Amino acid sequence: KAEKEFLTALKHKGPADKIYNALGRLYLERGKLPNALDAFKNALKHEKSRTALINLANISLKTGQKEDALKYFRMLEDDMEAGPGAAAINYNMGVFLYKTGYNLKALERFNKAIELDPKHLPTLFAKAQSLIKLGRYEEALDAYKLVSELNPADPLPYRNMGIIYELYMEDFQSALNKYMAYLSMGPPSGDEVKAWADVVEARLAAKKELAQ
């Protein structure tokens, strides 16, 4: 019904850019990516809006059209320094760069997004992932610690910190502490992490036995 009303509004010469953007969001909600892509492209023909460009970039990235995604992100670059939506633009550009292997450039975008919106949790998570790829583990831990401070109910940062301590820093006691903190919060998928904690605990016991 909403789709029909939007199309009727187009026939009656309604504001085409706004209608096509609304149609695009409607198709996105229904998982119709090709339709959403067409709608946002039509919106862009009528006005260069951030909404259309961000959605076109993200849909292109989801559908494996990396060159198109980069084209739309580049069209957004003039708007990345400040103003409404600049944090989201930098975040989305960072995600694109991260997924295409440009980890340092991705980190630069995430840092810019955090300057503009310091409490945006997805950006902090993404920054931590980029730091891990760059081998900057202490800084990644700091990013996850900030997430846990901003959102104490989320167990995920503790799991991720445990992984860093175990796999990259070989600090098994700290890893165990983080895994146990994660499990203490009753996450719905704790069995896997419980298995990790058991392995780490066994390694600590073996290490202690060897030291005696």
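Please refer to the structure higher up on the page.
S.K.: Hey, could you run me through the environment of Leu146 in this one?
M.R.: With respect to the helices and strands, Leu146 occurs in helix α9 (residues 137-150). Considering only alpha carbons, one finds Leu146 and Gln173, 27 residues apart in sequence, at a separation of 21 Å.

S.K.: When you look at the nonpolar core in this model, what are you seeing that I'm missing?
M.R.: Looking at soluble globular proteins, one finds that nonpolar side chains tend to be buried together. Counting residues in each nonpolar core, the largest one holds 32 residues, and the members touching the most others are Leu23 and Phe96. Where this core is concerned, the elements lending two or more residues are α2 (16-29), α3 (33-46), α4 (50-62), α5 (66-76), α6 (86-99) and α7 (103-116). No other element matches α4, which puts seven residues into this core. The contacts of Leu23, once residues within four sequence positions are left out, are Glu3, Phe6, Leu7, Leu10 and Ala39. With 26 residues, the next largest nonpolar core counts Ile114, Leu124, Ile132 and Ala140 among its residues.

S.K.: Please explain the environment of Ile19 as it appears in this structure.
M.R.: Residue placement: Ile19 occurs in helix α2. When the C-alpha atoms of Ile19 and Gly190 are compared, they prove to be 44 Å apart, with 171 residues separating the residues in sequence. Not counting residues within four places of it along the chain, the set of residues in contact with Ile19 comprises Phe6, Ala9, Leu10 and Gly14.

S.K.: Sorry if this is basic, but what is going on with the side chain of Ser148 here?
M.R.: Mapping Ser148 onto the fold places it in helix α9. From its side chain, Ser148 meets the backbone oxygen of Lys145 in a polar contact 2.7 Å long. Beyond its immediate sequence surroundings of up to four residues, Ser148 is in contact with Pro157 and Tyr158.

Rules and cut-offs
- Residues numbered from 1 in each chain as written.
- Predicted model: local features only at pLDDT ≥ 70, side-chain atom pairs only at ≥ 80, totals over all residues.
- Heavy atoms only, no water.
- Helix = DSSP H or I, 4+ residues; strand = E, 2+ residues; numbered from the N terminus.
- Core = buried A, V, L, I, M, F, W, Y, C linked by side-chain atoms within 4.5 Å.
- Buried < 20%, exposed > 50% of the residue type's maximum accessible area, 1.4 Å probe, protein only.
- Contact = heavy atoms within 4.5 Å.
- Polar contact = N/O pair within 3.5 Å; in protein donor to acceptor, adjacent residues only side chain to side chain.

Geometry only, nothing functional implied.
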